[in-house]
Amino acid sequence: MATWTIGAVNVTRVEEQIGFASFPPEQYLAGFERELLQRHLPWLVPHHYSPEHDRLVTSVHSWLIRTDRHMILLDCCGGNHKERPGLARFHQRDTPYLARLREAGAAPEDIDIVLCTHLHADHVGWNTMLRDGRWIPTFPNAKYLFSRSEDEYGDPRRNPAADADPQRGCAYRDSVLPVIEAGQAVLLDGTHAIDDAMFVEPAPGHTPGHVILKLQDRGERALFCGDALHHPLQVYAPHWNSRFCELPAQALLTRRRVLEHCAEHSALLFPVHFGAPHVGAITRAGDTFSIRFVPGRES
Ligand SMILES: [Zn+2]
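The structure contained in this document is the topic of the report that follows.

Basis of the calculations
Residues numbered from 1 in each chain as written. Predicted model: local features only at pLDDT ≥ 70, side-chain atom pairs only at ≥ 80, totals over all residues. Heavy atoms only, no water. Donors = N, O, S within 2.8 Å, 3.2 Å for Na, K, Ca; no water. Tetrahedral: all angles 85-135°; square planar, octahedral: opposite > 155°, others 65-115°. Helix = DSSP H or I, 4+ residues; strand = E, 2+ residues; numbered from the N terminus. Core = buried A, V, L, I, M, F, W, Y, C linked by side-chain atoms within 4.5 Å. Buried < 20%, exposed > 50% of the residue type's maximum accessible area, 1.4 Å probe, protein only. Phe/Tyr/Trp six-rings, centres within 6.5 Å; stacked < 30°, edge-to-face > 60°. Lys NZ or Arg CZ within 6 Å of the ring centre and 35° of its normal. Pairing = 2+ DSSP bridges. 1 Å grid on protein atoms, 1.4 Å probe; cavity = no way out; pocket = protein on both sides within 12 Å on 5 of 7 lines; lining within 4 Å. Points joined across faces, edges and corners; volume = space filled by probe spheres on them. Nonpolar A, V, L, I, M, F, W, Y, C, P; charged D, E, K, R; others polar. Salt bridge = Lys/Arg side-chain N within 4 Å of Asp/Glu carboxyl O.

Coordination of the zinc ion by the protein is provided by Asp122 (OD), His123 (NE2), Asp227 (OD) and His273 (NE2), with metal-donor distances spanning 2.0 to 2.2 Å. Taken together, the 4 donor atoms coordinating the zinc ion and their angles of 86 to 163° define a geometry best described as irregular. For the zinc ion, the donor residues sit on a single chain with the sequence spacing D-H-x103-D-x45-H. Within this pair, whereas aspartate 122 is found in helix H4 (residues 121-124), its partner aspartate 227 is found in the loop between strand S15 (220-226) and helix H8 (233-236), the two being separated by 105 residues in sequence.

Here's what the structure looks like:
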């Protein structure tokens, strides 16, 4: 288990799963150029690409962010026992995620804020768990922060198209709605300050209401980018979207803005799907960017 320190804030990665993307690179990344993959092959194998399977390697994890005031869980992976027809990687899983969270230092009741960057199935799963046949909030003492526009877009009662999307309809019903009904959801408009070190900001594109989290403490910075980037090759090719980006033109702009922020302010980039070592420092490289991975402290 790896931990990074930003100022006085500790950030620990809580893994749910790591493995091969469900699609070959051409289908996973729109605009994918194999020549770029070949050029970066030496550092992509084995943690980011498997030549043997011709699949990108992707992680699904949460970030546990501990300050002296808050214990925040950013993004909630796929969850256990969720019915996800059409999403093999997330269908009826049974992973020891909560045991890993405890190992990282947090019991479910210790979490006071859950932040979902967006409401796709692989970011809301652990919002809830199955108890006596019902979905109940996993984190009984937490406020769950969702963007209001994302909530409107993801709710199949208000947006019937969400039901046809395997990432959304059932995920909303079993992993978002029970939180709202329990009175634990807080819907965000625009920028939201969690405290004077952490800001949630709109970053639309991957989804209409997608948000990112910026952290700054004692002169050090981090940016939690959710799915603004899926794979480290997109640092070198910010013009590639993932197949899951719902507003492609906006996703390109947001990705570039995120990378520019990291490069300009020396903010460490904390994505949700990058393989080991998961976190990187971004620098400008001509028209695009480059990444230097920054491993956490293992414990
Ligand atoms: Zn995702």
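Counting residues in hydrophobic clusters, the biggest one holds 32 residues, and the most contacted among them are Leu64, Leu73, Leu101, Ile111, Val114 and Phe139. Within the residue set of this core, elements represented by two or more residues are strand S5 (55-66), strand S6 (71-74), helix H3 (97-103), H4, strand S10 (143-147), helix H6 (169-175) and helix H7 (177-181). A per-element tally of this core places H3 first, with 3 residues. Among the nonpolar cores identified, the runner-up in size contains 30 residues, and Leu229, Ile282, Phe289 and Phe293 belong to it.

This brings us to the packing of aromatic side chains. If you walk through the whole model with that rule in mind, you get 13 aromatic pairs. Centre to centre, the rings of tyrosine 28 and phenylalanine 244 are 6.1 Å apart; their planes meet at 80°, and the pair counts as edge-to-face. Residue tyrosine 28 is found in helix H1 (residues 25-28), and its partner phenylalanine 244 is found in the loop between strand S16 (241-242) and helix H9 (248-265); the two are separated by 216 residues along the sequence. On the basis of relative accessibility, which here comes to 22%, the residue phenylalanine 244 falls in the partly exposed class. Here the aromatic cluster, defined as three or more aromatic residues joined through ring pairs, consists of Trp4, Trp63, Phe224 and Phe270. In this structure, lysine 82 is placed above the aromatic ring of tryptophan 135, and the distance from its NZ or CZ to the ring centre is 4.2 Å.

Let us look at the pairing of S15. Regular strands show a simple pattern: their side chains alternate between the two faces of the sheet. Among the 7 residues of S15, 5 are classified as buried, and the element is accordingly described as predominantly covered. Relative to S15, strand S14 (residues 211-217) runs antiparallel, the two being bridged by 5 bridges. Paired with lysine 214 across the two strands is leucine 223, which belongs to S15. The antiparallel pairing of S14 with S15 creates a hairpin that spans 2 residues between the two strands, and arginine 218 there sits at a positive phi of about 50°. The sheet contact formed by S15 and strand S17 (residues 267-271) spans 5 bridges and is parallel. Residue alanine 222 lies in a different strand from S17, and its bridge partner there is leucine 268.

Of the voids in this model, the largest pocket is the one considered here, and its volume is about 350 Å³. Here the lining of the largest pocket gets 3 residues from one element, more than from any other, and that element is S5. Taken together, the residues of the lining of the largest pocket sort by class into 9 nonpolar, 9 polar and 5 charged.

This paragraph deals with unusual backbone geometry. Going from valine 45 to proline 46, the amide bond is cis rather than trans, its omega being 5°. Among the secondary structure elements, proline 46 is positioned in the loop between helix H2 (34-44) and strand S4 (49-50). Of note, the bond from alanine 276 into proline 277 is cis; its omega dihedral lies within 30 degrees of zero at 0°. Considering the arrangement of structural elements, one finds proline 277 in the loop between S17 and strand S18 (280-285). Of note, the phi angle at histidine 278 is positive, near 80°, even though the residue is not glycine.

Attention now moves to the pattern of salt bridges. Taken as a whole and judged by the stated rule, the model has 19 salt bridges. A salt bridge links aspartate 189 to arginine 148; the nearest nitrogen and oxygen atoms lie 3.0 Å apart. Placement of the pair is aspartate 189 in the loop between strand S11 (185-188) and strand S12 (192-193) and arginine 148 in helix H5 (residues 148-154), with a sequence separation of 41 residues. Overall, the relative accessible area of 32% leaves arginine 148 in the partly exposed class. Note that glutamate 150 and arginine 168 form a salt bridge whose closest N and O atoms lie 3.1 Å from each other. Residue glutamate 150 is located in helix H5, and its partner arginine 168 is located in the loop between H5 and H6; the two are separated by 18 residues in the primary sequence. Side by side, glutamate 150 and arginine 168 carry an identical accessibility label, which is buried. Taken together, the salt bridges that share partners define one network made up of Asp68, Arg69, Asp195 and Asp196.

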